[in-house]
Amino acid sequence: MFYYMCLRRRARTATRGEMMNSHRTIESNSRTSPLNAEVVQYAKEVVDFSSHYGSENSMSYTMWNLAGVPNVFPSSGDFTQTAVFRTYGTWWDQCPSASLPFKRTPPNFQSQDYVELTFEQQVYPTAVHVLETYHPGAVIRILACSANPYSPSPPAEVRWEILWSERPTKVNASQARQFKPCIKQINFPTNLIRLEVNSSLLDYYTELDAVVLHGVKDKPVLSLKTSLIDMNDLEEDDYEGKDGCGMDDLNKRVSSVALREGPNNGYFDKLPYELIQLILNHLTLPDLCRLAQTCKLLNQHCCDPLQYIHLNLQPYWAKVNDTSLEFLQTRCTLVQWLNLSWTGNRGFISVAGFSRLVQSLVECFHQQAVLTVL
């Protein structure tokens, strides 16, 4: 019992001595100046996660084990001192109690779980290493946040940047490895890293031991060939696009757009209303909002509540806020399935904003019930 109490305290937040060792300074081998030394640091704290295998009253197989220096690595095997998510393989989706997948989910959004880690110092990331000790290969996205969780004042803007992203791949080996993906450079310092995982191709639970952040204090010169992926660019092809489609832009792009007067809508005037609705049903939410700006006819179809019976906002967690929910209220009068998973973190959705959405949905349900009775 004493061992687990000590381990619990050590895993939740690294000790002073560990933190001094975790961000030791070494000279960088890059082209930066000699004064711009590289900082290497282990995670200081686990601030958020979607799930873990262990219970809240135990340190076995919980996300808290990702904080601090490695407990297991470079050893391989099943250890209780590692971080383990709640599921693996496809059995979770194939069981009789599994929920049906949401419509309008971008095909390249395949993240199943996430964990967010903070570090002692804000740096411009040069590398992120994930120490995997059992059945590696679940990490599919690594993101960095511009907000400093330890800042006393709230940030004016919270920006998430994708450092690395890849489709789920099968890793045949189950031994421990140090996963070192080639990350992109970003133009802001960070001490908040998010890992997103997909365990559908694994034969057993993946186990993570620690996360190491490499970075420099001074802003590096970004290469002209470096392409940044912003969370605003949630395109269907690897979320890379020229036009932003964040949820906070919906009101600007759709509700305030000035549609030109036109003599006719071409062949769309000859198509049945239901057929156009069926065609638009295959578009993602950002594409639906873009299409609403083309003409009045398509604007009418894109704003039809029938297009929002299945509303999945989880892929756009980084941008959904009170303004987004307020804008969508008029379109959600017929909603039957609503997914707000992973949204609302760091005050993006307030209690008042969520309450207004729920109240609006309840009123719509009551109206539908009255009409059904009549």
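Structure first, text after, so check above.
Remember, it's a predicted structure, so these values are computed and weren't measured experimentally. The written sequence of each chain sets the order in which its residues are numbered from 1. It should be noted that, the model being predicted, local features are given only for residues of pLDDT at least 70 and side-chain atom pairs only at 80 or more, the latter also being counted only at that level, while totals for whole chains, interfaces and linings use all residues. Think of the side-chain values as coming from all heavy atoms in the structure, minus any hydrogens and water.

## What about the nonpolar core?
Inference 1: Grouped together as the largest cluster of nonpolar side chains are 34 residues, with contacts concentrated most on Val46, Leu66 and Val115.
Inference 2: We count a stretch as a helix when DSSP gives it H or I for four or more residues in a row; a strand needs E for two or more, and each element gets its number in order from the N terminus. Taken together, the elements giving at least two residues each to this core come down to β3 (45-49), β5 (113-134), β6 (139-145), β7 (160-165), β9 (190-197) and β10 (207-216).
Inference 3: Ranked by residue count, the leading element in this core is β5, at six residues.
Inference 4: Only heavy atoms enter the contact rule, under which two residues are in contact if any of them lie within 4.5 Å. Here Val115 is in contact with Val46, Asp48, Phe49, Met63, Leu66, Phe85, Ile193, Arg194 and Leu195, once residues within four sequence places are set aside.
Inference 5: Here, the term nonpolar core denotes a set of buried Ala, Val, Leu, Ile, Met, Phe, Trp, Tyr and Cys residues that are joined through side-chain atoms within 4.5 Å. Think of it in three bands: residues with accessible area under 20% of the maximum for their type are buried, residues over 50% are exposed, and the middle band is partly exposed, with areas taken using a 1.4 Å probe on protein chains only. Formed by 24 residues, the second largest nonpolar core is a distinct cluster that contains Cys295, Cys302, Val320 and Cys332.

## Quick word on the packing of aromatic side chains
Inference 1: Here a pair means two rings of Phe, Tyr or Trp (six-membered ring of Trp) with centres within 6.5 Å. Their orientation is stacked below 30 degrees between planes, edge-to-face above 60, and tilted elsewhere. According to the stated counting rule, one finds twelve aromatic pairs in the structure shown.
Inference 2: Consider the rings of Phe109 and Trp342, whose centres lie 6.0 Å apart with planes at 65 degrees: the pair is edge-to-face. In this pair, Phe109 sits in the loop between α3 (91-94) and β5 while Trp342 sits in the loop between β13 (337-339) and α9 (351-373), placing the two residues 233 residues apart along the sequence. Accessibility assignment for this pair places Phe109 and Trp342 in one class, buried.
Inference 3: Arranged with centres 6.0 Å apart and planes meeting at 75 degrees, the rings of Tyr134 and Tyr204 form a pair that is edge-to-face. Of this pair, Tyr134 sits in strand β5 while Tyr204 is found in the loop between β9 and β10, placing the two residues 70 residues apart along the sequence.
Inference 4: For Tyr204, a relative accessible area of 30% corresponds to the partly exposed category.
Inference 5: Should the NZ of a Lys or the CZ of an Arg lie within 6 Å of a ring centre and within 35 degrees of the ring normal, that charge is described as sitting over the ring. Above the plane of the ring of Tyr114 lies Arg194, whose end atom (NZ or CZ) is 3.8 Å from the centre.

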